[in-house]
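Secondary and tertiary structure notes
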Amino acid sequence: RESAIRKFRVIGFQEDDASGEPWHLGTGLYNPQKKPSLQEFNMKSELENGMPIPMMESVVLAIDSNWNAEYSCLYRFRVHGDLN
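First things first, this report covers the structure right here in the doc. Model, not experiment: these values are computed from the prediction. (Residues numbered from 1 in each chain as written. Predicted model: local features only at pLDDT ≥ 70, side-chain atom pairs only at ≥ 80, totals over all residues. Heavy atoms only, no water.)

Section: the overall build of the protein chain
A tally of helices and strands in the protein chain yields zero helices and three strands. Along its sequence from the N terminus, the protein chain presents helices and strands in the succession β-β-β. Counting only C-alpha atoms and orienting by the principal axes, one finds that the protein chain spans roughly 40 × 25 × 20 Å. The 84 residues of the protein chain split such that 23% are buried. Contacts spanning at least 24 positions in sequence make up 60% of the contacts within the protein chain whose residues lie at least 6 apart. With an accessible surface of roughly 6,700 Å², the protein chain has 48% of that area assigned to carbon and sulfur atoms. Across the protein chain, the 9 positively charged side chains and the 12 negatively charged ones have centroids separated by 14 Å. (Helix = DSSP H or I, 4+ residues; strand = E, 2+ residues; numbered from the N terminus. Buried < 20%, exposed > 50% of the residue type's maximum accessible area, 1.4 Å probe, protein only. Contact = heavy atoms within 4.5 Å. Areas by Shrake-Rupley, 256 points an atom, 1.4 Å probe, with all protein chains shown as cover. Lys, Arg positive; Asp, Glu negative; His and termini not counted. Charge placed at Lys NZ, Arg CZ, Asp CG, Glu CD.)

A short note on the pattern of salt bridges
Within this structure, the stated rule accounts for one salt bridge. Where Asp64 meets Arg9, a salt bridge forms, and the shortest distance between an N and an O atom there is 2.9 Å. In this pair, Asp64 is assigned in the segment after β3 (58-63) and Arg9 in strand β1 (residues 7-13), connecting sequence segments 55 residues apart. Asp64 sits in the partly exposed class, given a relative accessible area of 42%. (Salt bridge = Lys/Arg side-chain N within 4 Å of Asp/Glu carboxyl O.)

Brief notes about the environment of Pro54
Secondary-structure assignment places Pro54 in the loop between β2 (23-29) and β3. Along the chain, Pro54 and Leu83 lie 29 residues apart, while their C-alpha atoms are 9.7 Å from each other.

A short note on the nonpolar core
Within the largest apolar cluster, eight residues are counted, these being Ala4, Ile5, Phe8, Val10, Leu25, Tyr30, Ile53 and Met56. When residues no more than four places from it in sequence are discounted, the contact partners of Leu25 are Val10, Ile11, Gly12, Met43, Lys44, Ile53 and Met56. (Core = buried A, V, L, I, M, F, W, Y, C linked by side-chain atoms within 4.5 Å.)

So, the sheet that holds β3
Taken together, the three strands give an open sheet; going across it, the order is β2-β1-β3, and neighbouring strands pair in antiparallel fashion. Only two strands of the sheet have a single neighbouring strand rather than two, namely β2 and β3. Direction aside, the axes of adjacent strands within the sheet are offset by 20 degrees on average. In this structure, β1 lies alongside β3, joined through six bridges in antiparallel fashion. From the neighbouring strand, Phe13 faces β3, where its bridge partner is Ser58. (Pairing = 2+ DSSP bridges. Axes fitted to C-alpha atoms, helices over the stretch in contact; angles between N-to-C directions.)

Quick notes on a negative patch on the surface
Negative charge collects at one region of the surface, where Glu15, Asp16, Asp17 and Glu57 lie side by side. Note on placement: Asp16 falls in the loop between β1 and β2. According to the relative accessible area criterion, Asp16 is exposed, its value standing at 63%. (Patch = residues over 30% accessible without salt bridge, like charges linked within 9 Å, V, L, I, M, F, W, Y side chains within 5 Å.)

Written out as structure tokens, the structure is:
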């Protein structure tokens, strides 16, 4: 469990090759003690001015820390959204 990710960021890109301007969609803190181990984290859907965030073509998971291991393990990262 020490190798489980801890703090992370989700970054979106309007380009499918993640080459453009990054959109900071949100952050999370994974708790390996929580049951079930599948955890959901809501990300931003609007900008600070209330405008909707445009549809993203690619998403990056940036792992910032784990629970004190020399490496991090992640089984699966899924993204769900609304096309409207």
